[in-house]
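What the coordinates show
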Amino acid sequence: MQPMDCESVSEEVGKTGSSVDLSSTLKSNFFGSGMLQTKTERYRDLFWEHKHTTLTMCFVFWSFGTCVAFLGPTLLDLGCKTGTVFPTMSWVFFSQSLFILLGSACAGFMLKKFSRESMLIVGTSMMTLTMASIPMCNALWALAVVLAVMGFFMGTIDTVANVSMICIYGKYVSPFLQAIHFFYGVGAFLSPMIAQPFLLNEDCSPFISNETFFVEDTNETLPAASLEEAREMTHIDYAFFIMALTMVPVVLLTFTLLSRKYCLRLLGGAPPDTEEKQSKDYETMEDGDSRSDSDRVPKSIAQIVLVTALSAILMFLYDGLQAAYGGYIYSYAVKGPVKFHKSDAAYLNALFWGMFAAGRLLSIALATRLSPSFMLFCNIIGCTAGLLLMLALRYNHIMLIIGTCLLGIFMSSVFPTTLSLTEQYIHVTPSTTSVLVFGAALGEMSMPVIVGHEFGRAGPTSFLVIGMVLCFISIIAYMTLWLVGLTLLKPDSNWFSKQPCTQPTKAEEKRKN
């Protein structure tokens, strides 16, 4: 079956790349359609050939984003529901993120045993079931178990989807990765919007413990007078049922991948073992330089390990920052120096994820024009500037909103851009992808716990201080990765923009034949 196979796109590119006549290539660049149109045609042809798989991966990531973003705005209500003080609730982030980490690590090995279609079906089905099970959790341990199961399958589909896209599109993967991660942002944006009408927005910590953890806004009246009354007043269960229902069509869509695969086999449209053979070929390739990327130079094992490690560090830092900011911006806005009203803070959380989605939408177009190294540089500088503004002017309401917008836009494309940059420097296999996703999941697991601990111990401002420290570390990691990358690319490689697309389109190939 074509869509979910490790398509011979990279192989085809390698073959055509080695046999393309130089004069015909130059003519196509200077006469007729020109370089830009040829590149656009190439992306369009690739998408059209694999549209079913690509659209399915987009909606799978939409469900993934929904599962990631609902915890932040619902944290206070879940604390009331489970009878847990606010600082302890940070462990539910740890529970979900730890098993995202395990799921992403296991997925690399599971891909050798199971087909990607079956893993996607099981993953999306379990995410839907666990989302619908959250209203039944009246104790912290039950909520932690449900989120752990959800996290494991979130980790598996994260790895499977990224591997599938790299497998299909090869060195042309950048805009398509940005596309599926844009849908992640859409799901993360809609999740707080669905939850907001059902939120009680009350910290029940004073009802559970005699200690006062945060100074409350004296201008805001508490909606409930006791823990029992708060549990009766919250309607957060409806939000989880609605989110689960919105994920059901995605499960059905993943079923169409498997059904289409077997229908084509029954009708003789694809050889039975095509996918398995090409998956093995893709994974066992030791080096893709001679296959596709003429701007690479031969590299050692140490260089490959170093690039993978530095890329994993960047993903660790920014996925950790993304999880911490998305999870605690609501609490910081309410309890920090700016003292937002609780209803406004919920919309601030949605604003962050909305800018996150908008940034990924913008990145789809930018990824076809700019090099991954330049895009990643802009992302890191933008995130640093946004956090610096919020920290320097932390008593200013407007600056918190502007900083949140900047952080959402510039943070949005760090993960797919880092993955594309890694593919530019070295040949990314499913095992490499699993290591990178593992690093990102490790950041998602650890950073919310660290921020939650410091939030209660040192105060809300520590939330921004930790973010600034992560950004400064990421600048060092990026510069190291860039310097290493200079040794892996030929001197004429362009840092600012993408290299011209010299591969012939299908129409040109037909004219040649």
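In short, a report on the structure. (Residues numbered from 1 in each chain as written. Predicted model: local features only at pLDDT ≥ 70, side-chain atom pairs only at ≥ 80, totals over all residues. Heavy atoms only, no water.)

1. Focus on the overall build of the protein
A count of helices and strands for the protein gives 21 helices and 0 strands. Taking all 513 residues of the protein together, 57% fall into the buried category. For the protein, the proportion of contacts with a sequence separation of at least 24, taken over those separated by at least 6, is 85%. By element, 68% of the accessible surface of the protein is carried by carbon and sulfur atoms, the whole surface being about 20400 Å². (Helix = DSSP H or I, 4+ residues; strand = E, 2+ residues; numbered from the N terminus. Buried < 20%, exposed > 50% of the residue type's maximum accessible area, 1.4 Å probe, protein only. Contact = heavy atoms within 4.5 Å. Areas by Shrake-Rupley, 256 points an atom, 1.4 Å probe, with all protein chains shown as cover.)

2. Here we look at the pattern of salt bridges
What the rule picks out here adds up to 2 salt bridges. Residue K81 is joined to D237 by a salt bridge in which the shortest nitrogen-to-oxygen separation is 3.4 Å. Residue K81 is found in helix α5 (residues 71-82), and its partner D237 is found in helix α12 (residues 236-266); the two are separated by 156 residues along the sequence. A residue is classified by how much of its surface remains accessible, and K81, at 12% relative accessible area, is buried. Across the pair R457 and E454 runs a salt bridge whose closest N-O atoms are separated by 2.7 Å. Of this pair, R457 and E454 both sit in helix α19 (residues 430-458), 3 residues apart, which is roughly one turn of the helix. (Salt bridge = Lys/Arg side-chain N within 4 Å of Asp/Glu carboxyl O.)

3. Here's the deal with unusual backbone geometry
Phi at K339 is positive, roughly 55°, even though this residue is not glycine. Of note, K339 is situated in the loop between α14 (301-335) and α15 (342-366). The class of K339 is partly exposed, set by a relative accessible area of 30%.

4. Re a nonpolar patch on the surface
Residues L389, L393, I398, I401 and I402 make up a contiguous nonpolar surface patch of roughly 380 Å² in combined accessible area. Take the nonpolar patch: its biggest share by element is 3 residues, from helix α17 (residues 397-411). By the secondary structure assignment, I402 is in helix α17. Judged by its relative accessible area of 37%, I402 is partly exposed. (Patch = residues over 30% accessible without salt bridge, like charges linked within 9 Å, V, L, I, M, F, W, Y side chains within 5 Å.)

5. What to know about the environment of L481
Here L481 shows up in helix α20 (residues 462-486). Along the sequence, L481 and T422 sit 59 residues apart, while their C-alpha atoms lie 9.4 Å from each other. Not counting chain neighbours up to four residues away, the residues in contact with L481 comprise V307, L310, S311, L314, L421 and Y425.

6. Notes on the nonpolar core
Judged by nonpolar contacts, the single largest core of 124 residues is most densely connected at F70, M131, I134, Y318, L400 and F463. By residue number, the principal contributor to this core is α14, which donates 16 residues. The residue makeup of this core includes at least three contributed by each of domain 1 (50-208 + 231-266) and domain 2 (298-487). In this structure, M131 is in contact with T66, C67, F70, M150, F240, M243, A244 and M247, ignoring residues within four places of it in sequence. (Core = buried A, V, L, I, M, F, W, Y, C linked by side-chain atoms within 4.5 Å. Domains from an automatic or database assignment.)

7. Examining α19
Its 29 residues give α19 an end-to-end C-alpha distance of 41 Å, which sits within 8% of 42 Å, the value for a rise of 1.5 Å per residue. Positive phi shows up at G459, right after α19, with a value of about 105°. (Expected span 1.5 Å × (residues − 1).)

It is worth stressing that arrangement in space is one thing and function is another; only the former is reported here.
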